[in-house]
Amino acid sequence: MSLSRRETMMAMAAGTAALAAARPADAAPAAPHPLTLWYRQPAATWTEALPIGNGRLGAMVFGGVARERLQLNEGTLWAGQPYDPVNPEAKANLPQVRELIFAGRIAEAEALANKTLMAKPLAQMPYQTLGDLILDFPDVGQAAAYHRELDLDSAMATTRFTAGAAAHVRQVVASPADNLIAVRLSSTGRLDVDISLRSSQSGVQVAADGATGLLLTGRNGASKGMEGKLRFAARLTARVEGGSAAHGADGRLSIRGAKSVTLFLTMATSFRRFDDVGGDPVAGTAATLGRAQDRSFATIAADAAAAHRRLFRRVSLDLGTSPAAQLPTDRRIAASQTSDDPALAALYFHYARYLLICSSRPGGQPANLQGLWNDSLNPPWGSKYTININTEMNYWPAEPVALGECVEPLVEMVRELAVTGARTARTMYGARGWVAHHNTDLWRATAPIDGAQFGLWPTGGAWLCVHLWDHYDYGRDRAYLASIYPLLTGAARFFLDTLQRDPATGFLVTNPSMSPENPHGHGGTVCAGPTMDMAILRDLFSRTMEAAKILGQDAALVSEMQAAHDGLAPYRIGRQGQLQEWQQDWDADAPEQNHRHVSHLYGLHPSRQITPDGTPALAAAARRTLEIRGDRATGWATAWRINLWARLREGDHAHEILRFLLGPERTYPNMFDAHPPFQIDGNFGGAAGIVEMLMGSHGDVIDLLPALPAAWPAGGVTGLRARGRCGIDLHWRDGRLDRAIMRPELSGHRTIRLGTKSRPLTFKAGLPVTLTLKDFA
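Please read all numbers here as calculations on a predicted model, not as lab measurements. (Residues numbered from 1 in each chain as written. Predicted model: local features only at pLDDT ≥ 70, side-chain atom pairs only at ≥ 80, totals over all residues. Heavy atoms only, no water.)

Trainee: Even after reading the chapter, I still don't get the sheet that holds strand 28 (residues 757-763), so can you show me in this structure?
Mentor: Pairing is mixed in the open sheet, where four strands are placed in the order 22-23-27-28. One side of each edge strand has no neighbouring strand; the edge strands of this open sheet are strand 22 (695-698) and strand 28. Between one strand axis and the next, the sheet turns through 20° on average, direction left out of account. Two elements, strand 22 and strand 23 (residues 701-704), share four bridges in a ladder whose sense is antiparallel. Residue pairing across strands places methionine 695 opposite leucine 704, the latter belonging to strand 23. (Pairing = 2+ DSSP bridges. Helix = DSSP H or I, 4+ residues; strand = E, 2+ residues; numbered from the N terminus. Axes fitted to C-alpha atoms, helices over the stretch in contact; angles between N-to-C directions.)

Below is the structure:
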């Protein structure tokens, strides 16, 4: 029996992992397999620790010797309670704000908006840490032959070292099926450990739970005057092989003289839904551990690995290798700006897939600004859902890297935003449908926050609707389309009711709005009809009209949407040759010429309204904008630039920006993206940029190697997904296509493009098609 290249790579990875598991703890690591982050010392900071997660529960594993710390997160532990932040003065003052903006009195409009339109409270609720699991090992001694790793294929964090004559191994996994975190401690000598649960949350109590267990309970924090209404619990049980266990007066569980210890930890809150906090976390955690009482660590770890691999092993990527690939991960990152390490880009790509699987599984919350991992009660930007780019960027790679299931939490969030957003549309704007501004949280708040110069932007919900459509377009599931159709039409109806006719041009524009989050130099940030809004609404109306056509519904509504679509303000090219960010040619007047946001380039990426072939003048203007803005920005903004240059088919330029993203200025030692500080969107956006260099799809067109950089002369990727339920495997050498294998799941006509050449094909479901370079001659 012959194995495919993909099967061979996966078998090699699995075999290497098995060898690592069998290796004595005091042995130096063999050649590290390419799906591992590894280090020769414990984590000294949170951004050196290694993340594990099951979509609901997360932990950062530090790999300490005398003290091990697992920093803990539960995906629904946010501050506050259900609330409606709409300003009661908003609806009455909205017409005057619009008039001031149209009159060019921007500073007055912004001041009035800040006084009367913004949410109360002005900020949303933050995502919060639950606490820590602390393992103290008295008299463990000095460590030698230390090795710490995160195996992306098995989703296991492992620490190995010797101390004296004893070999120690510590393993951590997060099980999706069991909804718990499992820790295995073993030693060839005597194992002594003191176990404690700690939290900086309010009202925390820690009590013994049976002979070998601990129960931590508490209440979430207040924020911005909003009292905390969530109760939470963390429950731990220990299984001890040999030795003894006893509870101490300090709330610790002490184990002495053991050969091995297995810890099962689960967490829960009283959150049921964005408007319901009536759950019972104490009973829930007890039931969870009760279901796992007869399961061994080996069984739980094997099941967790199998569940992870069902998603993770769908895609493989080979960009080549170099001697740098043999270095520990932190040293590779530090050296990446001056060394040739194509395998680091591949590792970054795989790490992003790992992080998405761990932070966004069906039934959980979507990946937030830090995914699932946060060690603070008040993290940067609240670790919320920033929906003017960051949340959307989290999900850019999901569909093309075959992780459509991971989009389900985002879809569910939009369903809930449509409920709260309908209230905001009605009470703030007097409009039908629903709206969400630039941020939301666990409670699905939809009013504008932070200040008019940041938050008075009404198209966040509309952009999320484009993601709903994308989920359909990759899977072509008519039943799913029917289920999201009311969300699409609701978002469209809001804008049918609220678009204003610009008295200067006669075009339909949003007002008030802004181009996130960029001051334009004419009195503030608010404006009418920023380019990004017009582009998003073109997509919203066109996708909703297409959905109506597929479903055979709402002919009258389609006519309304078509008229609005056609009446939107068009793209404009400014005096610098740039794509204008605003209706007026204000770009050169903006005080931040290298601003992190490139919102007006939405039409180039993630949309395809602007393309080098279809709209060459607009593509050239977008290119000029990128030249003005510069290549280096915050982590996520750098990642966006990679995608934009790839869409312009300038692979070498995109790769140079990727090199910067992978360097120590924008990547922490644990490979988390450095905004700075940490934001996970840069990880996901960087992975999406790698995909954009290798494959693109829109409608029924598939682009092969559209922006392949010279730095990757040979390689292959398997398991990518194109729109219309089609798998894509690509192999190239000497910088040119060797073969492309398409695996359609739906019959139909497609156009395959390679550079300037096109090849029409008729797919038959289940019949692979292989193309080589000669097929495009």
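Trainee: Would you mind going over the packing of aromatic side chains with me for this structure?
Mentor: Tallying each qualifying case throughout the model produces 16 aromatic pairs. Between tryptophan 469 and tyrosine 472, the ring centres sit 5.0 Å apart and the planes meet at 50°, which makes this aromatic pair tilted. Residue tryptophan 469 and its partner tyrosine 472 are both found in helix 11 (residues 460-475); the two are separated by three residues, about one turn of the helix. Grouping residues by exposure puts tryptophan 469 and tyrosine 472 together as buried. By way of ring pairs, the aromatic residues Trp46, Tyr351, Tyr354, Trp373, Phe672 and Phe678 are connected into one cluster. Stacked on the ring of tyrosine 39, the Lys or Arg arginine 148 has its end atom at 4.4 Å from the ring centre. The positively charged end of arginine 353 is found above the aromatic ring belonging to phenylalanine 312, 4.3 Å away from the centroid. (Phe/Tyr/Trp six-rings, centres within 6.5 Å; stacked < 30°, edge-to-face > 60°. Buried < 20%, exposed > 50% of the residue type's maximum accessible area, 1.4 Å probe, protein only. Lys NZ or Arg CZ within 6 Å of the ring centre and 35° of its normal.)

Trainee: Help me out: how do you make sense of the sheet that holds strand 29 (residues 769-772) in this one?
Mentor: Through backbone hydrogen bonds, the strands of a sheet pair up, either in parallel or in antiparallel fashion. Here five strands make up an open sheet; going across it, the order is 15-24-25-26-29 and the pairing antiparallel. Among the strands making up the open sheet, the edge pair consists of strand 15 (316-318) and strand 29. Between one strand and the next, the sheet's axes are offset by a mean angle of 20°, whatever the strand orientation. Of the pairings in the sheet, the one linking strand 25 (residues 726-733) to strand 26 (residues 736-744) comprises eight bridges and is antiparallel in character. The partner of cysteine 726 across the bridge, within strand 26, is proline 744.

Trainee: Got a minute to help me understand the pattern of salt bridges in this structure?
Mentor: As a working rule, side chains carrying opposite charge can pair if their charged atoms are close by. Counted under the stated rule, the structure contains 44 salt bridges. In this structure, arginine 743 engages aspartate 729 in a salt bridge whose closest nitrogen and oxygen atoms are separated by 2.7 Å. Of the two residues, arginine 743 sits in strand 26 while aspartate 729 sits in strand 25, which places them 14 residues apart along the sequence. Shared partners join several salt bridges into a network, and the residues in it are Arg67, Asp136, Asp194, Asp250, Arg252 and Arg256. (Salt bridge = Lys/Arg side-chain N within 4 Å of Asp/Glu carboxyl O.)

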